[in-house]
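Here's the letter readout for the chains.
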Amino acid sequence: MKKMTSIIGMVIAIIEIAYSFIGTNDTGQFFGFEMNIWLFRLLWLGLFGIVFYGYLKESKKP
């Protein structure tokens, strides 16, 4: 079940990053906070990395 949650988190992060390139906004909203679009993308990329690292760590367990 934990692996499925990680996969869903990674998919959401990828969708958010991809969608930020489609729009013409200069800012992005992250949990109600408005920030520079590049900072927004970097934050989502960081969250993706954290979830991906946890997924890899969990998948190596027997």
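See above for the structure.
Here goes a summary of the coordinates provided.

Procedures and definitions
- Residues numbered from 1 in each chain as written.
- Predicted model: local features only at pLDDT ≥ 70, side-chain atom pairs only at ≥ 80, totals over all residues.
- Heavy atoms only, no water.
- Phe/Tyr/Trp six-rings, centres within 6.5 Å; stacked < 30°, edge-to-face > 60°.
- Helix = DSSP H or I, 4+ residues; strand = E, 2+ residues; numbered from the N terminus.
- Buried < 20%, exposed > 50% of the residue type's maximum accessible area, 1.4 Å probe, protein only.
- Lys NZ or Arg CZ within 6 Å of the ring centre and 35° of its normal.
- Patch = residues over 30% accessible without salt bridge, like charges linked within 9 Å, V, L, I, M, F, W, Y side chains within 5 Å.
- Areas by Shrake-Rupley, 256 points an atom, 1.4 Å probe, with all protein chains shown as cover.
- Salt bridge = Lys/Arg side-chain N within 4 Å of Asp/Glu carboxyl O.
- Contact = heavy atoms within 4.5 Å.
- Pairing = 2+ DSSP bridges.

1. Section: the packing of aromatic side chains
Phase 1 of the analysis: Enumeration over the complete set of coordinates arrives at three aromatic pairs.
Phase 2 of the analysis: Ring geometry for Phe 21 versus Trp 38: centroids 5.9 Å apart, planes at 75°, classification edge-to-face. Of this pair, Phe 21 sits in helix 1 (residues 2-22) while Trp 38 is found in helix 2 (residues 37-59), placing the two residues 17 residues apart along the sequence.
Phase 3 of the analysis: Centre to centre, the rings of Phe 40 and Trp 44 are 6.5 Å apart; their planes meet at 70°, and the pair counts as edge-to-face. With Phe 40 and Trp 44 both in helix 2 and four residues apart, the pair spans about one turn of that helix.
Phase 4 of the analysis: Classification of Phe 40 as buried rests on a relative accessible area of 4%.
Phase 5 of the analysis: For Arg 41, the ring lying beneath its charged end belongs to Phe 21, and the centroid distance is 3.8 Å.
Phase 6 of the analysis: The ring of Trp 38 is capped by Arg 41, whose NZ or CZ atom sits 4.4 Å from the centre of that ring.

2. A short note on a nonpolar patch on the surface
Phase 1 of the analysis: Taken together, the side chains of Met 4, Ile 7, Ile 8, Val 11, Ile 12, Ile 15, Tyr 19 and Ile 22 define a hydrophobic patch exposed on the protein surface, amounting to about 800 Å² of accessible area.
Phase 2 of the analysis: By secondary structure assignment, the location of Val 11 is in helix 1.

3. Considering the environment of Phe 21
Phase 1 of the analysis: As for Phe 21 and Phe 40, which are separated by 19 residues in sequence, their C-alpha atoms are 11 Å apart.
Phase 2 of the analysis: Beyond its immediate chain neighbours, meaning those up to four positions away, Phe 21 contacts Trp 38 and Arg 41.

4. A few points about the environment of Lys 57
Phase 1 of the analysis: Here Lys 57 shows up in helix 2.
Phase 2 of the analysis: A relative accessible area of 53% places Lys 57 in the exposed class.
Phase 3 of the analysis: Taking C-alpha positions, Lys 57 is 15 Å from Leu 47, a pair spaced ten residues apart along the chain.

5. What to know about the pairing of strand 2 (residues 33-36)
Phase 1 of the analysis: Where strand 1 (residues 27-30) and strand 2 come together, four bridges link them in antiparallel fashion. Note on strand 2: the bridge partner recorded for Phe 30 is Phe 33.
Phase 2 of the analysis: Between the antiparallel neighbours strand 1 and strand 2 lie two residues, among them Phe 31 with a positive phi of about 50°.

Taken by themselves, the reported measurements are silent on function.
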